[in-house]
Amino acid sequence: MPSKTYFQGAPHIVLAPAITRCPLCENKLHVRKTMTRGLKGKSAVFKVTVKELYCTNTHCKLYQVPVKPEGLSFFYLPHMVHGTDVVFFVGERRLKNWQYKQIREILDVKPSISSLSRFFHLFEKIAKCFLEAQEEETKAIIKKQGGYILMADATEHRESKPTYHIVDALSGRLLAAEQLEKNDYHHIKPIWEYVKEKYGTPLAILSDDDTAQRKVRLELFPETKWIYCQYHFLRNLGEKLLQKLYNTLTEKVKELGRKIEDEVRSLERKLETGVSREKYREFSSGVRAVLKPRGKFPFELGWLEVYDAIKTLFKTILGIRVEGRVMSHLKIFVVKNAQKLKSLSEKAEKLRELNTHFVKLRKVLGTAKNAEDAEKKLNALAAEMEGKAKVISERINKYIDSLIAAYTIKGAPRTIVDVEQFHKEVKSPVRLGNRLAFEAHGAGLSYAREVAKRGQLEEMQRSVPALIERLEEKKGEEVVAKKEKKKSRSYERHYRELWREDPEAYAARMAQLIKEIDDLETGKAEKPPPSEGDKKPRKESEA
């Protein structure tokens, strides 16, 4: 709590109820309690004096019941030093993915990070109350569009309870969001029952095929069409098809990558201070950049890409004649480990072949125009994969009805997450407006993001009298702090991008760096004068 001197000289606001007589007995209301407190607003601090009145008529039902100022929550909520405007300011910025540190920097008052987090959780609760009050509006939208598609999924986090969401996939309206003690049948069934009671039987259900959801779906909606989320279908199939071989390759490539990184770092210490060391740092960063995998398995095979990068590096180093001590050491290291890399070639090629079949399936699902086209392509692919990748054929035959179901309803999405993220070959017109809700860290945040998506933040502020009676009207757009200019890209980022865009250009640049470093070390290239940072202070005897 701030000290008393903190608010000295601050503007003073007095709040008192607008009514002066009891609404029941018309007896004059008397001052029961006067409280003065300091309050931190978004851009200033000030004092607020709150007067509470009460009825003195002992026979009145409102006897001793405090009458508080009508505009009290305009300024603050109970037990808070900071104003309501700060709560909404923090909530609105967090919905735009601002970090707490960024929000704190542009506030004139400086709440602690823990306080900002508390404000945001309060904002979530307000948003949830607001959306629950709009149930009739959601029902009207569902009626107008002829029904809804129940889309369900859970978001689990390491340090918090799982959050379960149910959304109408056609309109993007959030129907239910709850934090669960455990993501199982007994905990998710009441949420499905609530949605069924409020909005009726859906046109279809879009979900993954986990045991709990399957059991609830068949129990509550046995006749409803089921759409298997294509992202989950592909992820499960990809893991089954590639996981074992990919893990084996990953383990070996990781071990070799660590050895390369240790060797490159250790050699830097053997170079003299000066331009040769600076060049070597660039080379070292270029090596480390390609030893980091990217993408999410099984849609991206990051460690297979690292294997290809190491193969290119080894070939580049072995193809250059060097005389300097540092690069000679590196070349000897490559010669010693070349056989280990070669032993992985068979696994890498097998993995590449299986991934080719997997990509074919992704293209079929991503480019199908309608249900008939999808069925025709899937059946043809299942027949083709019978002798090449049997698991693909089996999964297609098992789930073909639920996979093509998405193409039978106009406007139905094919996946719970963003369609285009895993179907890059197709520019689908279907976009999930509610994608943000599935990235939520809690049920309240899901509701808050839904409000922000619909542009109803101000309406929410006006429509929850139980929490906020009135709020300050906006006087124009808020001035958003300008983002700092982007810093120049680091060597690692530069070479990572170069490798992904043009492996040949990457190999050529690395070869050039190796040659330059070796020439500088052996004296074939003239060393430029050292920079101020590289000059060593002279000893007194030398002076």
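In this text the structure is predicted, and so the values were computed from the model without any measurement. (Residues numbered from 1 in each chain as written. Predicted model: local features only at pLDDT ≥ 70, side-chain atom pairs only at ≥ 80, totals over all residues. Heavy atoms only, no water.)

A. Fine view of the overall build of the chain. Scanning the chain from N- to C-terminus turns up 19 helices and 8 strands. By the burial criterion, 48% of the 543 residues in the chain qualify as buried. Sequence-distant contacts, at least 24 apart, represent 67% of the contacts inside the chain between residues at least 6 apart. For the chain, the exposed surface amounts to about 30,300 Å²; the carbon and sulfur share of it is 49%. (Helix = DSSP H or I, 4+ residues; strand = E, 2+ residues; numbered from the N terminus. Buried < 20%, exposed > 50% of the residue type's maximum accessible area, 1.4 Å probe, protein only. Contact = heavy atoms within 4.5 Å. Areas by Shrake-Rupley, 256 points an atom, 1.4 Å probe, with all protein chains shown as cover.)

B. A look at the pairing of strand β7 (residues 204-207). Both faces of β7 are covered, namely the face carrying Ala-204 and Leu-206 and the face carrying Ile-205 and Ser-207. As judged from the 4 bridges shared by β7 and strand β8 (residues 225-228), these two strands associate in the parallel manner. Its bridge partner being in β8, Ile-205 is matched across the sheet by Trp-226. Read as a crossover between parallel neighbours, the route from β7 over helix α7 (residues 211-220) to β8 is right-handed. (Pairing = 2+ DSSP bridges. Right-handed = clockwise from strand over helix to strand, strands pointing away.)

C. Here's a closer look at the packing of helix α10 (residues 302-318) against helix α12 (residues 345-367). At a closest axis distance of 11 Å, the pairing of α10 and α12 adopts a crossing angle of 135 degrees. For the element pair α10 / α12, the angle class is oblique. Judged by the sense of rotation from one axis to the other, the crossing of α10 with α12 is left-handed. Contacts between α10 and α12 involve Leu-304, Tyr-307 and Asp-308 from the first element and Ser-345, Ala-348, Leu-351 and Arg-352 from the second. (Axes fitted to C-alpha atoms, helices over the stretch in contact; angles between N-to-C directions. Parallel < 35°, antiparallel > 145°, perpendicular 65-115°, else oblique. Left-handed = near helix turned anticlockwise from the far one by under 90°.)

D. The arrangement of the side chain of Thr-138 in detail. Secondary-structure assignment places Thr-138 in helix α5 (residues 135-144). Judged by relative accessible area, Thr-138 falls into the buried class, the value being 5%. Excluding anything up to four places from it in sequence, Thr-138 contacts Arg-173, Leu-175 and Tyr-199.

E. Structural context of the packing of aromatic side chains. In the structure shown here, the tally under the stated rule is 13 aromatic pairs. Ring geometry for Tyr-148 against Tyr-199: centres 6.4 Å apart, planes inclined by 70 degrees, an arrangement best described as edge-to-face. Here Tyr-148 is found in the loop between α5 and β4 (149-157), whereas its partner Tyr-199 is found in helix α6 (residues 185-199), with 51 residues between them in sequence. Taking relative accessible area as the criterion, Tyr-199 reaches 14% and is therefore assigned buried. Counting every residue linked through ring pairs, the aromatic cluster contains Trp-226, Tyr-228, Phe-233 and Tyr-399. The aromatic ring of Tyr-185 is capped on one face by Lys-215, whose charged end is 4.3 Å from the ring centroid. (Phe/Tyr/Trp six-rings, centres within 6.5 Å; stacked < 30°, edge-to-face > 60°. Lys NZ or Arg CZ within 6 Å of the ring centre and 35° of its normal.)

F. Spatial organisation of α5. Residues of α5 that are buried include every one of Glu-135, Thr-138 and Ile-142, and no others. Seen end-on, α5 carries its buried residues on one side only, within an arc spanning 60 degrees. Structural note: α5 exposes Glu-136, Lys-143 and Lys-144 on the side pointing more than 90 degrees away from its buried face. (Arc of directions from axis to C-beta.)

G. How the structure looks around the nonpolar core. Counting residues in each nonpolar core, the largest one holds 109 residues, and the members touching the most others are Ile-166, Trp-192, Phe-283 and Leu-361. The element contributing the most residues to this core is helix α8 (residues 230-268), with 13 residues. If we skip the residues at most four places from it in the chain, Leu-361 touches Phe-233, Leu-234, Leu-237, Leu-378, Leu-381, Ile-392 and Ile-396. Ranked by size, the runner-up nonpolar core spans 14 residues in total, among them Val-86, Val-87, Val-90 and Ile-103. (Core = buried A, V, L, I, M, F, W, Y, C linked by side-chain atoms within 4.5 Å.)

H. Representation of the packing of α8 against α12. Interaxial distance between α8 and α12 falls to 10 Å at its minimum, and their mutual angle equals 175 degrees. When the axes of α8 and α12 are compared, the pair comes out roughly antiparallel. Across the interface between the two elements, Gln-230, Phe-233, Leu-234, Leu-237, Gly-238, Leu-241, Leu-242, Leu-245, Tyr-246, Thr-248 and Leu-249 from α8 touch Lys-347, Ala-348, Lys-350, Leu-351, Leu-354, Asn-355, Phe-358, Leu-361, Arg-362 and Leu-365 from α12. Class assignment of the residues belonging to the contact of α8 with α12 gives a composition of 14 nonpolar, 4 polar and 3 charged. (Nonpolar A, V, L, I, M, F, W, Y, C, P; charged D, E, K, R; others polar.)

I. Examining the pattern of salt bridges more closely. Per the stated rule, a full pass over the model turns up 18 salt bridges. For Glu-282, the salt bridge goes to Arg-509, with nearest N and O atoms at 2.9 Å. Here the residue Glu-282 occupies a position in helix α9 (residues 275-289), and Arg-509 occupies one in helix α19 (residues 503-522), the gap between them amounting to 227 residues. Each member of the salt-bridge network shares a partner with another, and the members are Glu-135, Glu-136, Lys-139 and Lys-198. (Salt bridge = Lys/Arg side-chain N within 4 Å of Asp/Glu carboxyl O.)

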